[in-house]
Amino acid sequence: RVLIVYAHQCDTSFNAALLDTAVSTLRALRCKVVVSDLYSMKFKASATAEDITGMLKNPDNFQYGKETMLAWQEGRLSADITEEQHKVKEANLIIFQFPLYWFSMPAILKGWVDRVFTNGFAYTPEKMYNEGIFKHKKAILSFTTSAYESMCCADGIHGDINVALWPIQNGILHYCGFQVLAPQIFWAVEHVFEEARQIMMEEWEKRLAGLMEEKPLTFAPITSFDVGAGFKLKKEVQDSLAMSEFGLTVGHHVGKRLPPNSQIKAGV
């Protein structure tokens, strides 16, 4: 069961063609595919009190996280959120298809995350990262860029794409427990010839056939952190890195060089 969360305004775009390819390829493999076309749905991006039906518990000091957690527990979330949460619950794999905007997701897609991944449904303080609620599900970012790959490396003008992906892949997906697959990146799609775009499409189609068997990206397990010391890396973990050239992850670099391409390749 696959959920594709799609964020592009134009049905003649390359993103739309990628969506169509994913749907047809996966259905040919007998997958059940559901698409959330956020722009067509006119999905509300802003997280507000309107996301909760009935009375607020503390209207004088509105706190979105606490109020939506209670609303989720009591079945009082708005219908559009409830519908998307049902899709997430049913899915074994979620594909996020979008154009990269300002080194991140389009606002409508970030709004989907803000509103759908509510406290209690997607995470709790006790269930996060590799012990997270969605630890049996997989997720992948499939996105287009206007920049060439050479511009988004450690010595490129835009900087290391691995750093840009860390907040999304670790801070959202892995935090909720997802096994995060290496992203499918379509570089500089508006600047390359049609033949190059066709090759990109064919490569994506081939990858889709074996996507569920792929190994996920590597993240630091929650057991590497000391709860009593404010969730900092345990001393023995830091000691084990003493002679290493690289840090543990992009985020847990402990002052060392970042592990190369750890956010775009599995097994790093």
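Quick note: structure is the one above.
Residues numbered from 1 in each chain as written. Predicted model: local features only at pLDDT ≥ 70, side-chain atom pairs only at ≥ 80, totals over all residues. Heavy atoms only, no water.

### Digging into the overall build of the protein
The cut-off we apply is this: By the criteria applied, helices consist of DSSP H or I runs no shorter than four residues and strands consist of E runs no shorter than two, each listed in order from the N terminus. Each radius of gyration reported is based on C-alpha atoms, and the globular scaling rule is 2.2 Å times the count of residues to the power 0.38. Buried residues are those whose accessible area, probed at 1.4 Å on protein chains only, stays under 20% of the maximum for their type, while exposed residues exceed 50% and partly exposed ones sit between those limits.
Tallying secondary structure elements over the protein gives 8 helices and 8 strands in all. Whereas a compact globule of 268 residues would reach a radius of gyration of roughly 18 Å, the protein reaches 19 Å, a difference of no more than 12%. For the protein, the C-alpha atoms occupy an extent of roughly 55 × 50 × 35 Å along the three principal directions. Within the protein, the fraction of its 268 residues that count as buried is 46%.

### Some points on helix α7 (residues 194–209)
For clarity, the threshold we go by: In this analysis, the expected span of each helix is defined as 1.5 Å times one less than the number of residues it contains. Comment: arc refers to directions from the helix axis out to C-beta atoms. When checking whether two residues touch, look at their non-hydrogen atoms; a contact exists if any pair is within 4.5 Å.
For α7, spanning 16 residues, the distance from its first C-alpha to its last is 23 Å, which sits close to the expected 22 Å at 1.5 Å a residue. Of the positions making up α7, those classed as buried are Arg-197, Met-200, Met-201, Trp-204, Arg-207 and Leu-208. Within α7, the buried residues cover an arc of 125° as seen down the axis, which keeps them to one side. For α7, exposure combined with an orientation more than 90 degrees from the buried face picks out Glu-195 and Lys-206. Buried residues along α7 sit in contact with α1 (14–28), β3 (93–99), β4 (138–144) and β6 (184–186).

### Quick word on the pairing of β3
Operational definition: We call two strands paired when DSSP finds no fewer than two bridges between them. With the strands pointing away from the viewer, any crossover whose connection runs clockwise from the first strand over the helix to the second is right-handed.
Along β3, 7 of the 7 residues are buried, which leaves the element largely enclosed by surrounding structure. As paired elements, strand β1 (residues 2–6) and β3 share 5 bridges and run parallel to each other. Counted as the bridge partner of Val-5 is Phe-96 from β3. After leaving β3, the chain enters helix α5 (residues 107–116) and then returns to the sheet as β4, a path that is right-handed.

### Remarks on the packing of aromatic side chains
Keep this limit in mind: Two aromatic rings, drawn from Phe, Tyr or Trp (for Trp, its six-membered ring), form a pair once their centres lie within 6.5 Å of each other, and the interplanar angle then sorts them: stacked below 30 degrees, edge-to-face above 60, tilted otherwise. Remark: a charge is flagged as sitting over a ring if the NZ atom of Lys or the CZ atom of Arg is within 6 Å of the ring centre and within 35 degrees of the ring normal.
Counted according to the given criterion, the structure contains 13 aromatic pairs. An angle of 50° between the planes, with centres 5.5 Å apart, marks the rings of Tyr-123 and Tyr-175 as tilted. On the criterion of sequence distance, the pair formed by Tyr-123 in the loop between α5 and β4 and Tyr-175 in the loop between α6 (161–174) and β5 (179–180) is long-range, its members being 52 residues apart. The exposure class of Tyr-175 is partly exposed, given its relative accessible area of 21%. In this structure, Arg-115 is placed above the aromatic ring of Phe-43, and the distance from its NZ or CZ to the ring centre is 4.9 Å.

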